[in-house]
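Here is what each chain is made of, one letter per residue.
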Amino acid sequence: MQFKHPEILYFLFLLVIPILVHLFQLRRFKKEYFTNVQFLKELSIQTRKSSTIKKWLLLFTRLLLLACLILAFAQPFFTAKESLKATNEMYIILDNSYSMQAKGKKGELLKRAVQELLEHTPETQNFSLITNSETFWNTDIKSIQKELQDLQYSATPFRLDNLIAKVNARKSAFNKDIVVITDAVGVQANESKSFKKEDNVYFIIQEAEQKNNAAIDSVYIQQNLDSFYEIAIKLSANGELPSLPIALYNQNKLAAKTVVNFDADAKSQLVKFTIPKEDFHGYVTITDKGLEYDNTYYFSISKPSKTNVISIGDAEKSNFLARIYTADEFNYTNYPLANLDYNLLEKQDAIVLNELKDIPQALQTTLKSFVNKGGNVVLIPAQESNLTTMNTFLSNFGAVQLKALANGDKKVTKINFNHPLFSNVFEKKVDNFQYPSTKSAFGIGSNTPAILTYEDQSAFLTSISNPLSSVYVFAAPIAKSNSNFQNSPLVVPTFYNMAQSSQKSGVTALTIGENQPFIVETSLSKDEILTVKNKDESFIPVQQLLNTKVKMTFAEQPAKAGNFGIFNGTNSVENISFNYSRTESNLNLANPDIAVGYQNSDDIESVFNTIQTDRTDTQIWKWFVWLTLLFLVLELLIQKFVK
């Protein structure tokens, strides 16, 4: 027991006063004589015994009364077991990712968490609130009441280690109380290791009651027909799902509708629609009882335009390319290296370097810029190629190097069906394929997966990719004198897809937060700038002028998924669509183990009650006040009833 005012305890010396008063009687008695002495003597003895008892009772009562009164003024208390943490600063980490849209026992997890914060956070409590998208430093619940009520779901996935880093970056002389409110979906166990040892950490793990959920993962062109696109919609199934309606909209007008039935053990399902081969700017949507944010997928398809392709090399060896890059879909030309017009290169979508012995430095520089602007390059080496020059050229793009030429027949026996080049070519994996072979080939040193592989597991075709373009590298010349690849069924889809630009002939559907660059073919003056907007939102992305193109990056924009247009002033340039990341869709990925080793609570009210109880000293001076009053009443009763 400790005292808030220990100096008052000196007044305990006053306890001597009632002792002196009771032990030394200052009053003197007179003797009275009576005739019946025996009777008076007996009465006197009885009176003296009762009087002595009364005096001792009064003495003890007054001593205790005075002692309790003095102790009450000294304000005694018992020290709290965590009194040293009373000065801790509070930080609340609130998960507002889309998985918190799931419903718990009391409604949507995020909305319930916000409501509990508003109801149970003490008005005098200062704290900092950190969410996926917003941060409020050193505030109180009244100051951010409106912001909390308006808090929206964030497209940014919940990364506990990143949010802890924000808290740790706040320098302070005090230790921290950190309250983490999350459903723990997609959180790795090692993310909670970022807490400091001196931090006092509480976890409130929210749990969804309904974990079955369907999501639209992607939309892509399955097949290019003469006048139609066959588009495939990939759905993911998490848990047991009933039949779900699915609808396709173009410009908010219903284009098609069907019902998708999920197989019992299937984790995904493909749904196919056929649409006219023209501009498409809309979305596909499903209806389920799980999360809502992943039920709509926005995408845009531009009416196909001809792809520009140039091959550089001997015309005779390039004849096979003219049969692949036909005039109905491509603008194809071939130039010998000596007659090449460098001004044409930046207008191309793909450039094929067909069995060049050397690559001049000027061409290397031009091609490096061409790839950075979104163009594809295909390198087919010649038997006489200068390895030093080729490897210097390849080093501009990544870690792929050609090794010495080796003679001997080698057969291509393996196709990487998962590579984007062949992702939509084969309906199923093929084993009895008519594979090509080569008579001599260079070795390829690369840390990227091969697209086509020899029987000895060395690469025949590999690629170096960036978000905008790819550089494809063959290990051997494919002229008929060295290979039968031109007669293989693989030659057409391989070269056709290597020339295609996904932005020109595919589905445009970017993911918010991935900061994927996007190339727009338009010419701007120095004072002009592109704006991305729809009826609800407008923003100016980061953009870089590249002669006849503009490279755009979007960071965390836009705030909401949807169909957008790219505008130069009032002129529409191109359509573009944005979607939320689907990383939050599988509610079965909740990882409550992140809270192991830390304090766990059911709600925020319990956290504040625990902190209040553990860190508040037990004040007992009130009990001494009540004891003082009690002894005062006892004294009155003794004087009245004890004779």
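Draft legend 1. Just the overall build of the protein chain, in detail. Summing up its helical and strand segments, the protein chain has 12 helices and 36 strands in all. For 643 residues, the compact-globule estimate of 2.2 N^0.38 gives 26 Å, and the C-alpha radius of gyration of the protein chain, at 42 Å, exceeds that figure by more than 25%. With respect to the three principal axes, the spread of C-alpha positions in the protein chain is 160 × 55 × 55 Å. With 643 residues in all, the protein chain has 47% of them scored as buried. The long-range share in the protein chain, meaning contacts at least 24 apart out of those at least 6 apart in sequence, stands at 71%. When the accessible surface of the protein chain is totalled, it reaches about 34600 Å², and 52% of it is carbon and sulfur. Put simply, the protein chain has 64 plus and 64 minus side-chain charges, and the middle of one group is 12 Å from the middle of the other.

Draft legend 2. The packing of aromatic side chains, seen in detail. With the rule as written, the count across this model stands at 28 aromatic pairs. Between Phe474 and Phe485, the aromatic rings sit 5.8 Å apart at their centres with planes inclined by 65 degrees, giving edge-to-face as the arrangement. Of this pair, Phe474 sits in strand β25 (residues 470-474) while Phe485 sits in the loop between β25 and α9 (491-499), and the two are 11 residues apart along the sequence. Here Phe474 and Phe485 have matching classes, each one buried. Counting every residue linked through ring pairs, the aromatic cluster contains Phe320, Tyr454, Phe460, Phe474, Phe485 and Phe495. Lying across the ring of Trp137, Arg170 places its NZ or CZ 4.3 Å from the centre. Of note, Lys410 hangs over the ring of Tyr454, and the distance from its end group to the ring centre comes to 4.2 Å.

Draft legend 3. Expanded view of the pairing of strand β3 (residues 89-94). Of all the six residues making up β3, five are buried; the element is thus mostly covered by neighbouring parts of the structure. Two strands pair when backbone bridges link them, and β3 and strand β8 (residues 176-182) are joined in this way by six bridges, in the parallel orientation. Each residue of the ladder has a partner; that of Ile92, found in β8, is Val179. With five bridges connecting them, β3 and strand β6 (residues 127-131) associate as parallel partners. Paired with Tyr91 across the two strands is Ser128, which belongs to β6.

Cut-offs used in this document
Residues numbered from 1 in each chain as written. Predicted model: local features only at pLDDT ≥ 70, side-chain atom pairs only at ≥ 80, totals over all residues. Heavy atoms only, no water. Helix = DSSP H or I, 4+ residues; strand = E, 2+ residues; numbered from the N terminus. Rg over C-alpha atoms; globule rule 2.2 N^0.38 Å. Buried < 20%, exposed > 50% of the residue type's maximum accessible area, 1.4 Å probe, protein only. Contact = heavy atoms within 4.5 Å. Areas by Shrake-Rupley, 256 points an atom, 1.4 Å probe, with all protein chains shown as cover. Lys, Arg positive; Asp, Glu negative; His and termini not counted. Charge placed at Lys NZ, Arg CZ, Asp CG, Glu CD. Phe/Tyr/Trp six-rings, centres within 6.5 Å; stacked < 30°, edge-to-face > 60°. Lys NZ or Arg CZ within 6 Å of the ring centre and 35° of its normal. Pairing = 2+ DSSP bridges.

Nothing here speaks to function; it is geometry throughout.
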